[in-house]
Amino acid sequence: MSRLGIELDVEITIDGERVVAQDGELLIKAINRVVSDLPQICYNEVLGPIRSCDTCVVEVGGELVRSCDTKVRASLVVETKSVRSKDAQLEGISRILKNHDLYCTLCENNNGNCVVHNTVAASEIAHPSYEFEKKPYEIDASHPFYRYDPNQCILCGRCVQACQELQVNETLSIDWERYRPRVIWDKDVPAGESSCVGCGHCVTVCPCNALMEKSMLGEVGYLSSLPETMKDPMIALTKAAEPATSIQSVMAISEAEARLRKAQIKRTKTVCTYCGVGCSFEVWTKGRKIVKIEPSDGPANAVSTCVKGKFGWDYVNSKERITKPLIRRGDHFEEVTFEEVVNYVAERMRMIREESGPNALGFISSSKCTNEESYLMQKLARAVVGTNNVDNCSRYCQSPATMGLWRTVGIGGDSGSITDLEKAGLVIIVGSNTAESHPVIATRIKRAHKSGGKRLIVADLRRHEMAERADIFIHPKPGSDIAWLSAVTKYIIDTNRHDVDFIDSHVDNFDDYYASLSPFDLESTAKLTGISVDELKAVADEIVAADGVAVCWAMGVTQHNGGSDTSTAISNLLLVTGNYGREGAGSYPLRGHNNVQGASDFGAMPDRFPGYEFVNDDATRAKWSAGWNVELPSDKGLDNHEMVDAIYEGNLRGLYLIGEDMGLVDANALHVQGAFERLDLFVVQDIFFSKTAQFADVILPASPSLEKDGTFTNTERRIQRLYAALDPLGNSRPDYIWTIAIANALGAGWNYSSPADVMAEAASLAEIFSGVSYDLLEGFDSLQWPVSSDGKDTPLLFLDGFGFSNGRAKLYNVSYIEPSEVVDDEFDLHLNNGRLLEHFHEGNMTYKSEGIRSRTPGTFIEISPELAAERGVQSGSLVRLISRRGKIKARALVTTRVSGKELYMPMNSGDNESAINVLTSSHTDRTTHTPAYKELAVKMEVLSATGENPLPKKNFRNAISNPQNGVEVERKWQRQDYVFVAAPRRRGGL
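Read on for an overview of the structure. (Residues numbered from 1 in each chain as written. Predicted model: local features only at pLDDT ≥ 70, side-chain atom pairs only at ≥ 80, totals over all residues. Heavy atoms only, no water.)

### Points about the overall build of the protein chain
Condition: The helix and strand labels rest on DSSP assignments: H or I over at least four residues marks a helix, E over at least two residues marks a strand, and numbering proceeds from the N terminus. Only C-alpha atoms enter the radius of gyration, while the globule expectation follows 2.2 Å times N to the 0.38, with N the number of residues. Buried, partly exposed and exposed residues are distinguished by accessible area as a fraction of the type maximum, computed with a 1.4 Å probe on protein chains only: under 20%, between the cut-offs, and over 50%, respectively. Any pair of residues with heavy atoms lying within 4.5 Å of one another is described as a contacting pair. Method for areas: the Shrake-Rupley scheme with a 1.4 Å probe, in which residue coverage is limited to the protein chains shown. In this count, Lys and Arg are taken as positive residues and Asp and Glu as negative ones, while His and the chain termini are left out. Note that the charge is assigned to NZ on lysines, CZ on arginines, CG on aspartates and CD on glutamates.
Helix and strand counts for the protein chain stand at 32 helices and 37 strands. Expected size for 990 residues packed as a compact globule is a radius of gyration near 30 Å; at 29 Å, the protein chain falls within 12% of this value. Taking the principal axes of its C-alpha atoms as reference, the protein chain extends roughly 90 × 70 × 65 Å. Counting across all 990 residues of the protein chain, residues that qualify as buried make up 64%. Contacts in the protein chain between residues far apart in sequence, at least 24 positions, make up 74% of those at least 6 positions apart. For the protein chain, the accessible surface area stands at approximately 34,700 Å², while carbon and sulfur atoms represent 48% of it. For the protein chain, the distance from the average site of its 106 positive side-chain charges to the average site of its 133 negative ones is 5 Å.

This is the structure we're talking about:
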């Protein structure tokens, strides 16, 4: 095994040197390990061989071949620098330049990473064989985030390959049959009117300036902002001088200018602040302007992003940012100094503690905070104030999934890595709109399904994208997932297809668990769930036949009053079938926010210290007391839900909340807002004047992720560093600065010099982080907990046993639980809710992006065609939904994604008028108190039968994509004007 992690088992010769390579690997990979200057424009490690540019041609055994299209075998003799090889490579480069006008010094893309520029410069080509030929197409600037310049496009197909096979959105293709081929969107429509979801894959992989972010235009480079009337003469002058000086002299000037740009553009590694995938990338800034998001080395995402991570950063510089501390004086807020507000908060907290005890105060950390900030928040609660009343927003989404895993396997995190989802023979998605909630994870599943022959089962109430792609799509009745999961498990056991050896070796409680499954026979379950017996059998057959089963689930499972039990049933199924402790299998509860995993990991929970160590365990508490040099409370504290109840009961008087719009995202929102009004002290730390902040007594201006250092932990337990790209805006501060200041004003005496000190302290006390250090997290390096003291992390769990003291897993008995709220004659419609690809949660951040807002300006209610016909509704109708708790109104969207009397509404609403949680109840999961958001019955009134469609025409959902198998370069080769560069004397056209 080499240091590259591949088996090097055959010997070949490259340019006269013997090289050990892997039998069957692409020859270009072997060459790239020993040769640094082989031209290769269309090839990309992530995209694989596209075979369109003909620049990587080498001589193998006397024959000229594309090295990206040739497999290694023993005894190959390869010449990369022979006369014939160099002639063919230069011919390929010349053909590229026939399609691309080199004006690098004036180009925004001249930043040292332009593949075309670098290839031409390294090739030492003096004079291209062909003159540039302008194409008969105009620039397409119709998309809100990028523009396409056909004249600069070299037809390499990278963008198409990324769209068709990496992102699998299947929008882009090349029309090889037209007179002058070009990239097209769908069936040849403007980019801004296409099915493009704005993920940015195409822009990221483009090897030149044909596809470019609009934020780059005129901003990068010392001459790129010149008007076209000045640029054109400069280009013409350069072209006129080129024959006498060679193209390399022009390259030298542009390379010098590119080096100067390093002082103009700052590049900072960061981690995305939206969902739990944990995409990492460089953010390019010019002053405070964000000009580019450049993914390249992210361990979770590689070159992938979604529309939010690539383009949704306008909120950072929004004029709506809170930049000064505010204290409520009567009916208005007054601006105060840093010192004044810190002392005010500390004095009020001290007063409440003295009058009512430490448990009269509550603390809520944020999934938008760093690990270090959540650690300090829970330490403030426990070690300074003296209460375990601390929680985070995992209470609203993922606590039941974590509970299901604690019960069965002993560790509450994804059992493997995101890459395992590509390796699984079968992926089952339950209650997750993955393509919109976790789009970069969805890309891995989609491409494994499309190109890798893997299987996909989806169980959901909506026919969303992943359901459309599934081999089997089942539509259970609301709240019945636990039944079909248990029935499938029972059927597998009944037919003797469970993994007996795995169970005997690794799992306890099988007999008792099997007995508990007796109510879940196929016939009874079919009646309960609405899933036929044949469908249940088909699901079981797929599971048994698969080489590895991975299950992904999200809020469609967890946000029920039996969310913990359904999560448990998922893990039970995986244990019965032996799908733990191996690659390409296991449990994947998809974390919704960027650091919702880390907030719990680092102790923002009412019953656990960092590392999930119990506060009521005497030895554990003694360890933390010694580490912090303070006596600590032993009783479990209040969670989010219990804090609201305690406010109404008069037992909780003060609340310090960071970065959560709890007044809109908690269930039964009007009830929660009423609680805020009863508080004696409500401190809100945020970047915007959110709905929640409107109820605050004190507002502390926080900083977003681009203005702070620290770490985030993604859904696969991966800890990654982020670095401050910008200074805090105005008098805002990173969250940890505020928390430290308040703690010290209360007498804590903390002296952390940086977040690195906080992480070091956490690692010294919490066992699962014992080997974590900032040195091991430098740049794009990462660690997946648990991390042993020697710095070794754990990408795949359970290789050495499960998380219980005896090393064995436990099958945990569960039973069917009736939904807390069902439809009846009055409230006759079921209302489901969830996330939307282009907006995040209530939209406090994404609505600040003009491009995103232009495509989806507001929320809407999805209504089935059959219900629409019955009620006289069409897309654009204004309807009112009424529940037992409140009423809202929004525009209808008639769609086949929902059926019958089931409705769906995205969360993206920033006001009570259309906020879904005005309708939801205070019912919760019985174990974790996660709100049963998905158990909601409503009635509908039609306020206006006609109106404007809530999705503008240019929204991608209105377009039809154009699926194909990659670039389909064979169509290029079939053109009469194409000749392979192996015959360079016969000049080719393309």
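### Let's talk about the side chain of Asp925
Convention followed: Each reported salt bridge corresponds to a side-chain nitrogen of Lys or Arg within 4 Å of a carboxyl oxygen of Asp or Glu. The definition of a polar contact used here is a pair of N or O atoms within 3.5 Å, where within protein one atom must be able to donate a hydrogen and the other to accept one, and adjacent residues in sequence count solely through side-chain atom pairs.
Secondary-structure assignment places Asp925 in the loop between strand E36 (902-906) and strand E37 (937-944). With no salt bridge to any partner, buried Asp925 finds its closest opposite charge in Arg926, at an N-O distance of 6.1 Å. A polar contact of 2.7 Å, which involves the side chain of Asp925, links it to the side chain of Thr928. Apart from residues lying up to four places away in sequence, Asp925 is in contact with Pro400, His560, Asn561, Gly562, Gly563, Ser564 and Thr930.

### Quick look at the pairing of strand E3 (residues 57-60)
Heads up, the condition is: Paired strands are those between which DSSP finds at least two bridges.
Every second residue of E3 is oriented toward a common face, with Val57 and Glu59 on one face and Val58 and Val60 on the other, all of them buried. By the bridge criterion, four bridges tie E3 to strand E4 (residues 63-66) in an arrangement that is antiparallel. Considered in E4, the bridge of Val57 is made with Arg66. From the end of E3 to the start of E4, which pair antiparallel, there are two residues, and Gly61 there has a positive phi angle of about 60°. For E3 and strand E5 (residues 77-79), the ladder comprises two bridges, and the chain directions are antiparallel. By the bridge assignment, Val60 is partnered in E5 with Val78.

### Some points on the packing of aromatic side chains
Applicable threshold: Put simply, two rings from Phe, Tyr or Trp (the six-membered ring, in Trp's case) pair if the centres are within 6.5 Å, and we call them stacked under 30 degrees between planes, edge-to-face over 60, tilted for the rest. In this scheme, Lys NZ or Arg CZ marks a charge over a ring once it lies within 6 Å of the ring centre and within 35 degrees of the ring normal.
Summed over all chains, the structure comprises 27 aromatic pairs. Seen from their ring centres, Tyr146 and Trp185 are 6.4 Å apart, and the 25° between their planes marks the pair as stacked. In this pair, Tyr146 is assigned in strand E6 (residues 146-148) and Trp185 in strand E8 (residues 183-185), connecting sequence segments 39 residues apart. You can call Tyr146 buried: its relative accessible area is 1%. Taking 5.3 Å as the distance between ring centres and 15° as the angle between the ring planes, the aromatic pair formed by Phe609 and Trp624 counts as stacked. With Phe609 in strand E23 (residues 608-609) and Trp624 in helix H24 (residues 618-628), this pair connects stretches of sequence that are 15 residues apart. What makes Phe609 buried here is its relative accessible area of 1%. On the basis of relative accessibility, which here comes to 0%, the residue Trp624 falls in the buried class. A connected cluster of aromatic rings, assembled from ring pairs, spans Tyr274, Phe281, Trp313, Tyr315, Phe688 and Phe840. Directly above the aromatic system of Trp284 lies the positively charged group of Lys292, at a separation of 5.4 Å from the ring centroid. Between Arg608 and the ring centre of Trp406, over which it is positioned, the NZ or CZ distance is 3.6 Å.

### A closer look at unusual backbone geometry
A cis amide bond links Trp785 with the next residue in sequence, Pro786, at an omega value of 0°. For Pro786, the location among the structural elements is in the loop between strand E30 (782-784) and strand E31 (809-810). The backbone of His841 shows a phi angle near 50°, a positive value even though the residue is not glycine. Within the secondary structure, His841 is located in the loop between strand E32 (829-834) and helix H30 (850-855). Looking at His841, the relative accessible area reads 12%, which means it is buried.

### Here's the deal with the environment of Gln784
Relative to the helices and strands, Gln784 is located in strand E30. Measuring from C-alpha to C-alpha, the distance between Gln784 and Cys306 comes to 23 Å, with 478 residues separating the pair along the chain. In contact with Gln784, not counting residues within four places along its chain, are Gly416, Ser417, Glu716, Arg717, Arg718, Asp793, Thr794 and Pro795. Within the structure, Gln784 has its side chain in polar contact with the side chain of Ser417 (distance 3.1 Å).

### Considering the side chain of His830
Tracing the backbone shows His830 in strand E32. Within the structure, the side chain of His830 is placed 2.8 Å from the backbone oxygen of Lys934, a separation counted as a polar contact. Sequence-distant contacts of His830, defined by excluding residues within four places in its chain, comprise Leu461, Pro478, Val823, Lys901, Glu902, Leu903, Lys934 and Leu936.

### Considerations on the nonpolar core
For clarity, the threshold we go by: Here, the term nonpolar core denotes a set of buried Ala, Val, Leu, Ile, Met, Phe, Trp, Tyr and Cys residues that are joined through side-chain atoms within 4.5 Å.
Membership of the largest hydrophobic core comes to 111 residues, with the highest contact counts inside it found for Phe363, Tyr375, Trp484 and Tyr656. Not counting chain neighbours up to four residues away, the residues in contact with Tyr375 comprise Phe602, Pro610, Trp624, Trp628, Tyr752, Val758, Glu761, Ala762 and Leu765. Counting 54 residues, the second-largest nonpolar core is a separate cluster that includes Val120, Cys153, Ala210 and Ile852.

### Some points on the packing of helix H9 (residues 338-356) against helix H28 (residues 735-745)
Keep this limit in mind: For every element, the axis is a line fit to its C-alpha atoms; helices are fit only across the contacting stretch, and the angle between N-to-C directions ranges from 0 to 180 degrees. Working definition: roughly parallel below 35 degrees, roughly antiparallel above 145 degrees, roughly perpendicular at 65 to 115 degrees, and oblique for all remaining angles. For a crossing to be left-handed, the near helix must be turned anticlockwise from the far one by less than a right angle; the clockwise case is right-handed. Asp, Glu, Lys and Arg are counted as charged, while Ala, Val, Leu, Ile, Met, Phe, Trp, Tyr, Cys and Pro are counted as nonpolar; the rest, among them Gly, fall into the polar class.
Packing of H9 against H28 brings their axes to within 9 Å, and their N-to-C directions diverge by 55°. Compared by their axis directions, H9 and H28 come out oblique. Once H9 is placed against H28, the crossing between them reads as right-handed. Two secondary-structure elements touch here, H9 through Phe338, Val341, Val342, Asn343, Val345, Ala346, Met349 and Arg350 and H28 through Ile737, Trp738, Ala741, Ile742 and Ala745. Counted by class, the contact of H9 with H28 contains 11 nonpolar, one polar and one charged residues.

### Some remarks on helix H4 (residues 158-166)
Along an α-helix, residues three or four apart share an orientation, since each turn contains 3.6 residues. Taken across its nine residues, H4 has nine buried, putting it largely inside the fold. Within the sequence span of H4, burial applies to Arg158, Cys159, Val160, Gln161, Ala162, Cys163, Gln164, Glu165 and Leu166. Residues of H4 that are buried make contact with helix H3 (115-123), strand E7 (172-174), E8, helix H5 (201-205), strand E9 (211-213) and helix H14 (439-451). Immediately beyond the C-terminal end of H4, within one or two residues, lies Val168, with a positive phi of roughly 60°.

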